[in-house]
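# Geometric and topological summary
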Amino acid sequence: MNALVPEVTDGSNDQWFCLGCIQDMPQGAHGTRLLGHDLVVTKRGDLLTVRMDEAELPLRERYGYLWTTTGTPAGEVPEIAEADERDRRYVPCGAIPVRASAPRVIENFLDMAHFPFVHTDILGSEPLTEVEKYRCEIRRDVDEVWATDCVFTQPKAALAATGAIRTDYIYRVTTPFTVLLYKTCPNSATRWDVICLFVQPVEPGVSIAHPVMFLLDDTGTTQDLIAFQQVIFLQDKIILENQRPVLLPLEPRAETPTRADASSIAYRRWLKEKNCLYGTSLGPKAA
Ligand SMILES: [Fe+2]
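Residues numbered from 1 in each chain as written. Predicted model: local features only at pLDDT ≥ 70, side-chain atom pairs only at ≥ 80, totals over all residues. Heavy atoms only, no water.

Tracing the backbone through its elements, the reader meets Leu48 in strand β4 (residues 47-52). Relative accessible area serves as the criterion here: at 7%, Leu48 is assigned to the buried category. Taking the C-alpha atoms as reference points, Leu48 and Trp67, 19 residues apart in sequence, are found 11 Å from one another. For Leu48, the contacting residues outside a window of four places in its chain are Ile22, Met25, Val41, Thr42, Lys43, Leu59, Glu61 and Leu66. (Helix = DSSP H or I, 4+ residues; strand = E, 2+ residues; numbered from the N terminus. Buried < 20%, exposed > 50% of the residue type's maximum accessible area, 1.4 Å probe, protein only. Contact = heavy atoms within 4.5 Å.)

Structure follows, in structure tokens:
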């Protein structure tokens, strides 16, 4: 393990990393960064390669995104069954650079407590600020962190929402730096909207977020669906870039947890178990 990145000696390499949406990548060679290293992605027609120094890295194409690894992932790119459902809208939402560590970006995505304050009158509003009790566990059979029975009353839960609705959420952290949520769909009583966030760790304190959605929405234009999500993510970006410390604290009791933080506690425990320390206080230092 870790053969390609000798100075990173923890388990951070052993996963698939998203490098972006393939349709957004230019023809020819372009540079990007992963775990503090320069990569060159080359696209010729439909053919893609990823190189680090002189070595060609493994790659996968999944969900219209390019994935690579610098280590030995235990499995394949995370499976998202809904992505293959024919009647869903496929909505890749671009690449958003964030001056924040990858695990901070994931934790923010898991956090419901900030909805009324950061996404005011969209995903939450005062006085309905309480995060109700939810369940959270590390699922050993699939090696993922799940938070279930999450509920929040949202003024504008989705572009298709016509009024405030009590919104159910299920969160699923599929790899240390990929997360998705299943959310009440205003257009269907029996199926969920799916919103994914693939985070590319660039430096310990710098990331690129790649959000993509698989929605049940026949009416909204793709442009409006993207714009709705981008407003939310830009609100998160401001919070993320001002969060201190920059690196996610992994020392015991580093930040005082509340009931709302059950998912954050499970996520940190899981990172530690995996020795996945990039972007944390126990990993390489931020520049
Ligand atoms: Fe947010």
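Still to come is the rest of the account.
Ligation of the iron ion by protein atoms is provided by His114 (NE2), His119 (NE2), Asp236 (OD) and Asp236 (OD), these donors lying 2.0 to 2.5 Å from the ion. Coordination at the iron ion is irregular, judged from the four donor atoms that bind it and the angles of 56 to 154° they form at the metal. One chain supplies every donor for the iron ion, spaced along it as H-x4-H-x116-D. Pair noted here: His119 is in the loop between α2 (115-118) and β10 (135-139) and Asp236 is in helix α3 (residues 222-241), with a separation of 117 residues, a long-range link. Judged by relative accessible area, which is 6%, Asp236 ranks as buried. (Donors = N, O, S within 2.8 Å, 3.2 Å for Na, K, Ca; no water. Tetrahedral: all angles 85-135°; square planar, octahedral: opposite > 155°, others 65-115°.)

As a further point, take the environment of Leu35. Looking at the secondary structure, you find Leu35 in the loop between β2 (28-34) and β3 (37-44). Sequence-wise, Leu35 and Cys276 are 241 residues apart; in three dimensions their C-alpha atoms are separated by 12 Å. Beyond its immediate chain neighbours, meaning those up to four positions away, Leu35 contacts Asn13, Phe17, Thr70, Pro201, Val202 and Tyr278.

With that out of the way, let us pick up the state of the cysteines. On inspection of all chains with the given rule, the structure shows zero disulfides. Looking at Cys21, it has no disulfide partner, and the nearest cysteine sulfur is the one in Cys18, 8.3 Å off. Classification of Cys21 as buried rests on a relative accessible area of 7%. Its sulfur unpaired, Cys136 is 7.9 Å from the next cysteine sulfur, which belongs to Cys150. For Cys136, a relative accessible area of 26% translates into the label partly exposed. (Disulfide = S-S within 2.5 Å.)

Let us look at the packing of aromatic side chains. In this description, a pair of aromatic rings is defined by centroid distance and the angle of the planes. In total, this model carries 10 aromatic pairs according to the counting rule given. Each ring, one from Tyr65 and one from Phe198, has its centre 5.5 Å from the other, and the planes form 80°; the classification is edge-to-face. In this pair, Tyr65 sits in strand β7 (residues 65-68) while Phe198 sits in strand β14 (residues 188-203), placing the two residues 133 residues apart along the sequence. Of the two residues examined, Tyr65 and Phe198, each falls in the buried class. (Phe/Tyr/Trp six-rings, centres within 6.5 Å; stacked < 30°, edge-to-face > 60°.)

The next thing to look at is the nonpolar core. If you look at the biggest cluster of nonpolar residues, it comprises 60 residues, and the most contacted ones within it are Leu66, Met112, Tyr171, Val173, Phe177, Leu197 and Tyr267. Setting aside residues no more than four positions away along its own chain, Tyr267 makes contact with Pro103, Ile106, Glu107, Leu110, Val145, Val173, Pro176, Phe177 and Leu248. By size, the runner-up hydrophobic cluster in this structure holds 18 residues, among which are Val77, Tyr182, Val194 and Cys196. (Core = buried A, V, L, I, M, F, W, Y, C linked by side-chain atoms within 4.5 Å.)

This part covers the side chain of Thr32. Tracing the backbone through its elements, the reader meets Thr32 in strand β2. Judged by relative accessible area, Thr32 falls into the buried class, the value being 15%. Within polar-contact distance, the side chain of Thr32 engages the side chain of Gln200 at 2.9 Å. What Thr32 contacts, discounting residues up to four positions off in sequence, is Leu19, His37, Asp38, Leu39, Val41, Gln200 and Ile208. (Polar contact = N/O pair within 3.5 Å; in protein donor to acceptor, adjacent residues only side chain to side chain.)

Before going further, it helps to examine the sheet that holds β4. Strand order across the open sheet formed by four strands is β2-β3-β4-β5, with antiparallel pairing between neighbours. Looking at which strands have only one partner, the edges of the open sheet turn out to be β2 and β5 (55-56). Pairing of β3 with β4, which is carried by five bridges, proceeds in the antiparallel orientation. Residue pairing across strands places Lys43 opposite Leu48, the latter belonging to β4. (Pairing = 2+ DSSP bridges.)

Most of helix α1 (residues 102-110) sits inside the fold, with nine of its nine residues counted as buried. Turning to α1, its buried residues number three or more, namely Ala102, Pro103, Arg104, Val105, Ile106, Glu107, Asn108, Phe109 and Leu110. If you follow the buried residues of α1, they end up packed against β12 (165-175), β13 (178-185), β14, β15 (206-215), α3 and α4 (262-274).

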